[in-house]
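If you want the building blocks of each chain, they are given just below.
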Amino acid sequence: MSSVEEMQSGLFGPDRSRQSAGADAGEVDAGEYGPTGRPLPDIPPAPPAPENTHAVIIAMCNQKGGVGKTTTTINLGAALAETGRAVLLVDFDPQGSLSVGLGVNPHTLDRSVYNLLLGREVAIEDVIQATATPGMDLLPANIDLSAAEVQLVSEVAREHTLKRVLDKVRHVYDVILIDCAPSLGLLTVNALTCADRVIIPLEAEFFALRGVALLEDTIAKVRERINPDLELLGIVATRFDTRTLHSREVMDRVVERFGDRVFHTVIRRTVRFPEASAAGEPITAYAPDSAGAEQYRLLAREVLLRCPGA
Ligand SMILES: Nc1ncnc2c1ncn2[C@@H]1O[C@H](COP(=O)(O)OP(=O)(O)O)[C@@H](O)[C@H]1O
Ligand SMILES: [Mg+2]
């Protein structure tokens, strides 16, 4: 661990000693603040996995690229698997970064999620692969998926195609995470149609909030027209740099805008994440004791707290 990482290795940065929302004017609460500037609640340890599984499906969604969707899918998935959950990760981005990040070469895939969307003769069990993380499986994708965006347009009930595919394995997993493509096209609408919950990763930088209104609008439309049960599970700030005032200012704006929907857990910027992806591993395996691994474990606990029964 580098000395900088050691300095940051507590789960949260130094106490910001900010005034809590409920405090009397002039009174500065010296209590525990997380990087989101709010008092830290007690986040209980993960409860045991439920006995009868009916997977909660969570879409990782933001039409902006590079905000940490794929990194969060891999590492939240691995942290959930550590709690004993049976986890399926669905690569729903034609770039196949989720597959690559788990050590799968997308160019050599015989079958991918694409074949399940458009071919009725392929069984999902033959496409799902085990990963090196116990309890975590992968439904891989590659560039073929980009054709599905166009081909699905002429299908009947085109928004429900992924739902039909995943319904077949819902009883096998506790949690299914869908890594969406950086777009709000038909693929993402398919993900939102089968999801129970959405997580929006936001990069803690100046333009983070750009486009989020459009994303919220898309979620609202899918909820109204297709999937009334769809809910925003939370917003997670990623690539947060504790050392810059800028990251904190952005965080303040995000909390101002989204309030309690922002997860208390914040994922800090560290080169360990790209390193782990290059090694084809989740950070919980690549650097199990690192701050990054701990942050995703804490995020997993927050997710389970917000998804009772998962
Ligand atoms: N917390 C982090 N600290 C440093 N780099 C990160 C972090 N999260 C993601 N990255 C890197 O940023 C890049 C984009 O992340 P990625 O998860 O692929 O975003 P998206 O899926 O939204 O496009 C990748 O190179 C990834 O390794
Ligand atoms: Mg991605």
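First, a word on scope: everything that follows refers to the structure included in this document.

The rules behind the values
- Residues numbered from 1 in each chain as written.
- Chains lettered and ligands numbered in written order.
- Predicted model: local features only at pLDDT ≥ 70, side-chain atom pairs only at ≥ 80, totals over all residues.
- Heavy atoms only, no water.
- Disulfide = S-S within 2.5 Å.
- Buried < 20%, exposed > 50% of the residue type's maximum accessible area, 1.4 Å probe, protein only.
- Pairing = 2+ DSSP bridges.
- Helix = DSSP H or I, 4+ residues; strand = E, 2+ residues; numbered from the N terminus.
- Contact = heavy atoms within 4.5 Å.
- Axes fitted to C-alpha atoms, helices over the stretch in contact; angles between N-to-C directions.
- Core = buried A, V, L, I, M, F, W, Y, C linked by side-chain atoms within 4.5 Å.
- Expected span 1.5 Å × (residues − 1).
- Near = heavy atom within 4 Å.
- Polar contact = N/O pair within 3.5 Å; in protein donor to acceptor, adjacent residues only side chain to side chain.
- Areas by Shrake-Rupley, 256 points an atom, 1.4 Å probe, with all protein chains shown as cover.
- Phe/Tyr/Trp six-rings, centres within 6.5 Å; stacked < 30°, edge-to-face > 60°.
- Lys NZ or Arg CZ within 6 Å of the ring centre and 35° of its normal.
- Parallel < 35°, antiparallel > 145°, perpendicular 65-115°, else oblique.
- Left-handed = near helix turned anticlockwise from the far one by under 90°.

### Remarks on the state of the cysteines
Next, step 1: Summed over the entire model, instances satisfying the criterion amount to zero disulfides.
Next, step 2: Free cysteine C180: the closest other cysteine sulfur is in C61, separated by 4.1 Å.
Next, step 3: Relative accessible area serves as the criterion here: at 1%, C180 is assigned to the buried category.
Next, step 4: No disulfide involves C194; its sulfur sits 8.6 Å from the nearest other cysteine sulfur, which is in C180.
Next, step 5: The class of C194 is buried, set by a relative accessible area of 3%.

### A closer look at the sheet that holds strand 7 (residues 231–238)
Next, step 1: If you walk across this open sheet you meet the seven strands as 3-4-2-5-1-6-7, and the pairing is mixed. What marks the edges here is a single partner per strand, and that holds for strand 3 (129–130) and strand 7.
Next, step 2: Bridge count between strand 1 (residues 56–60) and strand 6 (residues 197–203): three bridges; the pairing is parallel. Within the sheet, the bridge partner assigned to A59 lies in strand 6 and is V198.
Next, step 3: Packing against the sheet, helix 7 (residues 186–194) makes contact with strand 1, strand 2 (87–92), strand 5 (175–180) and strand 6, and its axis sits at approximately 160 degrees to strand 5.

### Some points on the nonpolar core
Next, step 1: In terms of nonpolar packing, the biggest core is built from 57 residues, with L88, F92, L139, L162, L166, I178 and V254 touching the most fellow members.
Next, step 2: Looking at this core, the element that brings in the most residues is helix 7, giving six residues.
Next, step 3: Excluding residues within four positions of it along the chain, V254 makes contact with L202, L209, I235, G259 and V262.
Next, step 4: L89, L109, A276 and C307 belong to the second largest nonpolar core, which has 36 residues in total.

### Points about helix 2 (residues 69–82)
Residues that lie three or four places apart on an α-helix share one face, since the helix turns once every 3.6 residues.
Next, step 1: Counted at 1.5 Å a residue, the expected span for helix 2 with its 14 residues is 20 Å, and the 20 Å between its end C-alpha atoms agrees.
Next, step 2: For helix 2, the buried fraction is high: twelve of the 14 residues fall into the buried class.
Next, step 3: Buried within helix 2 we find K69, T70, T72, T73, I74, N75, L76, G77, A78, A79, L80 and A81.

### Re the site of ligand 1
Next, step 1: Close to ligand 1 lie 14 residues, the nearest being G66, T70, T71, R239 and R268.
Next, step 2: One of the side-chain nitrogen or oxygen atoms of T70 is found 2.8 Å away from an oxygen atom of ligand 1.
Next, step 3: A distance of 2.9 Å separates an oxygen atom of ligand 1 from a polar side-chain atom of R239.
Next, step 4: Across the complex, the protein chains shield 80% of the 550 Å² of accessible surface that ligand 1 would expose by itself.
Next, step 5: Mapped by element, the contributors of at least two residues to the shell around ligand 1 are helix 2 and helix 10 (272–278).
Next, step 6: By residue number, the principal contributor to the shell around ligand 1 is helix 2, which donates three residues.

### Let's talk about unusual backbone geometry
Next, step 1: The phi dihedral of A157 falls on the positive side, at around 50 degrees, and the residue is not glycine.
Next, step 2: In this structure, A157 sits in the loop between helix 5 (145–151) and helix 6 (161–167).
Next, step 3: For A157, a relative accessible area of 36% translates into the label partly exposed.

### So, the packing of aromatic side chains
Next, step 1: Going through the model one piece at a time under the given rule, you end up with two aromatic pairs.
Next, step 2: Note on F206 and F207: the rings are 5.1 Å apart at their centroids and 75 degrees apart in plane angle, and the pair reads as edge-to-face.
Next, step 3: Its relative accessible area of 37% is what places F207 among the partly exposed residues.
Next, step 4: The ring of F263 carries R306 above its face, with NZ or CZ at 4.2 Å from the centroid.

### Some words on the packing of helix 7 against helix 8 (residues 212–225)
Next, step 1: Where helix 7 meets helix 8, the closest approach of the two axes is 10 Å, and the angle between their N-to-C directions is 55 degrees. One way to sum up the angle between helix 7 and helix 8 is to call them oblique. For the pair helix 7 and helix 8, the sense of crossing is right-handed. Residues V189, L192 and T193 of helix 7 form the contact with helix 8, whose own contacting residues are T218, I219 and V222.

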